[in-house]
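These are the residues of each chain, in order.
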Amino acid sequence: MRKAIGAAPRQRLLPYIMLGVLWPFSLISLASVIGWILHLHRISGPINAQTLPPWPMSDFPMFWTAGHFATGPMPGQAYMPNHLLPWEAHHVFGFRHDDPFVYPPPSLMLTMLIGRLGFWPAYALWTVALSAIGATCLRIARLPWLVIIAAFLSPCALFVLMTGQPRLAGGFSAMTIFKPQVALLGPIAFLARRRWRGVGTGLATAISICVITSWALGPDIWRFYLHQGSSASRSLLLLPFPKKLDPMYEGNFEFESITIFYFLRSLDFSLTTAFAGQAFSSIVAAIMCWRLWRTDQTSKSARVAMTVFLALLATPYAFMQDLFAFSLAIIIMIWERRKLEAIDVILLMYPAFVVLLNNLTHIDVGPFFILLGVISARTMLQPPTRS
């Protein structure tokens, strides 16, 4: 009996000790960004492509470059690597990545806001504006400010802020048309709850955004996206998962992957098997999401969190920077539970170690952590008691 009583305080303290130890180490994900900034300050002579180290892995230079073309006379050139990549390499000092623009045309409406600005003013506006939009959406969703602040201080959010990645996944469902892979299961949740007004509003908003995009950029922008843009997207998706023993391809962005598709590719399965495995995972995730929202549960927060986790199992194309909603969901569960558990700390810190873990193991281990999130949320789901 004494042992049980004595063990309880230690058990309660363990998650906080883990958080205090792991959070500083989680800043490893910012090492490349911090190192790049420090190197920038040490340069005494002229700043050019030769004096700067490679820009840390980030999509922001691609968004900025796409915005330049979107505001120009031929917006469709944003989807043409032979136009986008040379301009990007010439105007972004230290940039060494060949990233074609693969996002849907509505995303160009966002990049147009920074297309005429210099690189650093564009970076500041992009980061501050998208963060403010995200925080506003979360407040409209009635999340406490403490939860929002905690989410913005999570390792994933700090990485996203430092590298200028967009994060609209916590906002309105229709707005995810800008980055649709993070909200594949959103419509299923609306349909399962028979929220026809929400379905109608979402469709109307998405259609309106597409119409405005066609008006602003011309209807041909969709042709460029369906041909050049989708072709580049397929090329990225079909790259082999890099192995350090393979001298032909060292890889880069694949080490940030977190999906079933990349997990199977990292085990050297064929494309056919990887696609089949991803299709099976997507179908199972969709069925679970449907059943989740068809029944009443005592914990709405856990249900939302589980939907976020299942969405990551449903998409073949997601990476470290797409884990902001994942981190937010965990923080929401902690807030509702009013208790920090060891599994919460592990899941919150995981985004910071994605690249390290995938490099060390040569395997995309992301699905294991996402499944842990599903299990953690499931433990909070209980059907309401009937009197």
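Residues numbered from 1 in each chain as written. Predicted model: local features only at pLDDT ≥ 70, side-chain atom pairs only at ≥ 80, totals over all residues. Heavy atoms only, no water.

Enquirer: Give a description of the pattern of salt bridges that names residues and reports values.
Expert: Pairs can form between side chains of opposite charge once their charged atoms are near each other. For the structure shown, the criterion picks out 3 salt bridges. With a shortest N-O distance of 2.5 Å, R337 and D344 are connected by a salt bridge. The same class applies to R337 and to D344, which are both buried. Among the ionic contacts, a cluster of salt bridges with common partners joins R337, E341 and D344. (Salt bridge = Lys/Arg side-chain N within 4 Å of Asp/Glu carboxyl O. Buried < 20%, exposed > 50% of the residue type's maximum accessible area, 1.4 Å probe, protein only.)

Enquirer: Please set out the environment of M320 residue by residue, giving values where relevant.
Expert: The topology assignment puts M320 in the loop between α14 (300-314) and α15 (324-337). Sequence separation between M320 and G366 is 46 residues, and the spatial gap between their C-alpha atoms is 9.0 Å. (Helix = DSSP H or I, 4+ residues; strand = E, 2+ residues; numbered from the N terminus.)

Enquirer: Please give an account of the packing of aromatic side chains that cites residues and values.
Expert: A full pass over the atoms with the stated rule returns 20 aromatic pairs. Aromatic side chains F60 and F119 sit 5.3 Å apart centroid to centroid with 70 degrees between the ring planes, which places their arrangement in the edge-to-face category. Residue F60 is found in helix α3 (residues 60-70), and its partner F119 is found in helix α6 (residues 119-140); the two are separated by 59 residues along the sequence. Both residues of the pair, F60 and F119, belong to the buried class. Geometrically, the ring pair formed by F60 and Y123 is edge-to-face, given 5.5 Å between the ring centres and 85 degrees between the ring planes. Placement of F60 in helix α3 and of Y123 in helix α6 is noted, with a sequence separation of 63 residues between them. We classify F60 as buried; its relative accessible area is 0%. The structure contains a cluster of three or more aromatic residues connected by ring pairs, namely F60, F63, W64, F69, Y79, W87, F101, Y103, F119, Y123, W126 and Y225. We note R338 situated over the ring of W335; from NZ or CZ to the ring centre the distance is 4.4 Å. (Phe/Tyr/Trp six-rings, centres within 6.5 Å; stacked < 30°, edge-to-face > 60°. Lys NZ or Arg CZ within 6 Å of the ring centre and 35° of its normal.)

Function cannot be read off these values alone, since they describe shape.
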